[in-house]
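# Structural characterization, general
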Amino acid sequence: MDMANLTWLHGRPQSTGVLKANPEDFVVVEDLGFAPDGEGEHVLVNIRKNGCNTQFVADYLARFAGIHARSVSYAGLKDRHAVTEQWFCLHMPGKDTPDFSQFALEGCEVLSFARHLRKMRIGNLKGNHFTLVLRQISDRQDVERRLQAIAAQGVPNYFGSQRFGRGGNNLVMARRWANDEIRVKERSKRSFYLSASRSALFNQVASRRLADGLQRTVLEGDALQLSGRGSWFVAKADELETLQQRLDAGELVVTATLPGDGEPGTAGSALAFEQQCLAEQQELLTLLKRERVEPARRALLLQPQNMLWNWWDEVTVELRFWLPAGSFATSVVREIMQQDDSDADIAE
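This text gives an overview of the structure that appears in the document. (Residues numbered from 1 in each chain as written. Predicted model: local features only at pLDDT ≥ 70, side-chain atom pairs only at ≥ 80, totals over all residues. Heavy atoms only, no water.)

## Structural notes on the overall build of the protein
Selection rule: Each helix is a run of H or I in the DSSP string that is no shorter than four residues. Each strand is a run of E no shorter than two, and both are numbered from the N terminus. Based on C-alpha atoms, the radius of gyration is set beside the globule rule, defined as 2.2 Å times the residue count to the power 0.38. The cut-offs for exposure are 20% and 50% of the maximum accessible area for each residue type, with area from a 1.4 Å probe on protein chains only; residues under the lower value are buried, those over the upper are exposed, and the others partly exposed. The contact definition used throughout considers only heavy atoms, calling two residues in contact when any of these lie within 4.5 Å. A 1.4 Å probe and the Shrake-Rupley method give the accessible areas. Residues count as covered only by the protein chains that appear here. Positive residues here are Lys and Arg, negative ones are Asp and Glu, while His and the chain termini are left out of the count. Lys charges are placed at NZ, Arg charges at CZ, Asp charges at CG and Glu charges at CD.
Counting its regular elements, the protein contains 8 helices and 14 strands. Here the C-alpha radius of gyration of the protein, 21 Å, is about what a compact globule of 348 residues would show, namely 20 Å. When the backbone C-alpha atoms are referred to their principal axes, the protein occupies close to 60 × 55 × 40 Å. Across the 348 residues of the protein, 49% fall into the buried class. Within the protein, contacts between residues separated by at least 24 positions form 80% of all contacts whose residues are at least 6 apart in sequence. Split by element, the accessible area of the protein, about 16600 Å² in all, is 46% carbon and sulfur. Across the protein, the centroid of the 41 positively charged side chains sits 5 Å from that of the 45 negatively charged ones.

This is the structure:
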């Protein structure tokens, strides 16, 4: 998917810059949102890694603990070319906790570990803390203005380019699968292709809504989400004025569709809007229905929390913020400056 065609909330950035001159310029720390139980048949291991991708570390942990690779899970993928602190979950019923002082893998350090009652699954995460260093900024004034605007108004909650694979390959393969040009049996590939399909469709609807200036307007039939919550409800015609006031006050956020096999959740004007946005995407919509993917909703806008920045000099700024699970730091950076499209972060 060409991210350059998506609508900007604050207009196209004037400044250019470099996001990752080195891995230390991109630091991600997972926020579980809970403390390990201290007992149970699972072992949670917190690892700081640099130069290692998530699955590589998971496989190494399995060998170290003497368990099957399928017995190691994690909440989300993290980029290899970054410094990340990430939790892994080892299923070890009836087995002693390994001596992690003996764990040795280049680029990795065990920070802590503890027993836990429940398995960690994809998405079992409150969010991520990010510390980014943006370098070679060509227009400090424009970047400063944008940082202030983002802190106040947020950014579009787009899925980042890494969701679509290198060169958008996941989406290319999804379309081939949809047209029965290929058969996809491998579970991980099926997941990647279906995820890319839903993400592209969400991005398209979100971009259109921003382009029409409707990101903060309640439409009849909109699916509205309580800020910071996953639940949502449908806006009724006789409630629009009150709901608009709550949206303006920050209590509510507008959502866009993550299509699947089932009702999208919207009604009336909002449903018609989404259907119009996706009218030319029947092959992907049909694929999602055929594979019985469960439909969902996703907030249209993303508000970075605890956002702070510090200019090291005229061309370098350090940026800190927290994002909820499932959102992308690259969607924040996209509103700040122009850069080469890259797989800069994978934070689910």
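Next comes the rest of the account.
## Details of unusual backbone geometry
For Asp 180, which is not glycine, the phi torsion reads 60° and is therefore positive. Along the chain, Asp 180 falls in the loop between helix 3 (169-178) and helix 4 (187-211). If you check the backbone angles, Arg 292 has positive phi at about 55° while not being a glycine. Structurally, Arg 292 can be placed in the loop between helix 7 (282-290) and strand 11 (296-299).

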